[in-house]
Amino acid sequence: MLEHITPYLEHATDSVKLRISNVLDAKSVEDVAKKSFAFHFRDGTSTKFQDYYIATINNRKYFLESENFFAKFKKMYSLQGIDNAYLFRLEREKKNLLDKLDKNDLVSIYLDYFAHALIKHGTKSVKKNLASFFAKFIHTFRPNEYCALDNPIKNYFGLSNESFYLSFLIISTAYKSWINENTHIIAQVREQLKLNRVGNDYSNQMTDLKLLDLIFWLKANK
């Protein structure tokens, strides 16, 4: 039965790549990128998150030494419906989370901490799937390999009926493959970021995956 999974994932990945190419072709890339970066770097309010992003991306020292990393992470990413007890658990498990990440054990991280998170809801505790939280955490420490997926982007790429975990892997794989096959176009995307007066300050610290996330976040949330 497993032999049927790989062709399915390859088909889904190719579908996402086609959607990316339909938006970022040689004729439209400059205009699309320019408008996206004009939105994300338009004023101090919208760049506040980007400042936080740059301060935390791949910053293990800050992660391990901060006493309330996950509380601020939740706030800055506007993650909803998460109580303090759950956040405190993640704080206690920070070193273990990084150890698992270094072993590329994403399945264990997802299943043990995010897929069935016990969250207080009123007087009761309920299990919630915090897959978007998971994706953003993984991206923070593997920004060249995994995207910071959220539901609007997932749906934009035609994966609304797909599990979030698989969608995260499919879109991350599609991003990387598309970037490798379209180096000239992603270079034009980055050039538009450098031409943005505010965005230029962030260019060297943002991966190509992050640039695609910025573009398709705007497309998905219009």
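Placed above this text is the structure.
**Looking at the pairing of strand 1 (residues 117-121)**
And then number 1: Note that strand 1 and strand 2 (residues 124-128) share five bridges and pair antiparallel. Each residue of the ladder has a partner; that of Ala 117, found in strand 2, is Lys 128.
And then number 2: The antiparallel hairpin formed by strand 1 and strand 2 contains two residues in its connecting segment, where Gly 122 sits at a positive phi of about 65°.

**Some points on helix 9 (residues 131-141)**
And then number 1: With eleven of its eleven residues buried, helix 9 lies for the most part within the structure.
And then number 2: Here helix 9 has its buried residues at Ala 131, Ser 132, Phe 133, Phe 134, Ala 135, Lys 136, Phe 137, Ile 138, His 139, Thr 140 and Phe 141.

**Quick word on the nonpolar core**
And then number 1: Core analysis: the largest hydrophobic core is formed by 72 residues, its most contacted members being Leu 24, Tyr 86, Phe 114, Phe 133 and Tyr 175.
And then number 2: With nine residues, the top contributor of residues to this core is helix 11 (residues 164-181).
And then number 3: When residues no more than four places from it in sequence are discounted, the contact partners of Phe 114 are Tyr 86, Leu 90, Ile 109, Lys 128, Asn 129, Leu 130, Phe 133, Phe 134 and Phe 137.

**Brief notes about the pattern of salt bridges**
And then number 1: If you walk through the whole model with that rule in mind, you get nine salt bridges.
And then number 2: Asp 102 is the salt-bridge partner of Arg 60, the closest N and O atoms lying 2.5 Å from each other. Of this pair, Arg 60 sits in helix 4 (residues 60-65) while Asp 102 sits in helix 7 (residues 94-102), placing them 42 residues apart in sequence.
And then number 3: Asp 99 serves as the salt-bridge partner of Lys 95, at 3.3 Å between the closest nitrogen and oxygen. Here Lys 95 pairs with Asp 99, and both are found in helix 7, just four residues apart, close to one helical turn.

Rules of the game
- Residue numbers run consecutively from 1 along every chain, following the written order of its sequence.
- It should be noted that, the model being predicted, local features are given only for residues of pLDDT at least 70 and side-chain atom pairs only at 80 or more, the latter also being counted only at that level, while totals for whole chains, interfaces and linings use all residues.
- Note: side-chain values were computed over all heavy atoms of the structure, leaving out hydrogens and water.
- Paired strands, as defined in this entry, are two strands with at least two bridges between them according to DSSP.
- Secondary structure follows DSSP: runs of H or I at least 4 residues long count as helices, runs of E at least 2 residues long count as strands, and numbering of each begins at the N terminus.
- Think of it in three bands: residues with accessible area under 20% of the maximum for their type are buried, residues over 50% are exposed, and the middle band is partly exposed, with areas taken using a 1.4 Å probe on protein chains only.
- Buried Ala, Val, Leu, Ile, Met, Phe, Trp, Tyr and Cys residues that are joined via side-chain atoms within 4.5 Å together make up what is termed a nonpolar core.
- Any two residues whose heavy atoms approach within 4.5 Å at even a single point are treated as in contact.
- Within this document, salt bridges are pairs made up of a side-chain nitrogen of Lys or Arg and a carboxyl oxygen of Asp or Glu, the two lying within 4 Å of each other.

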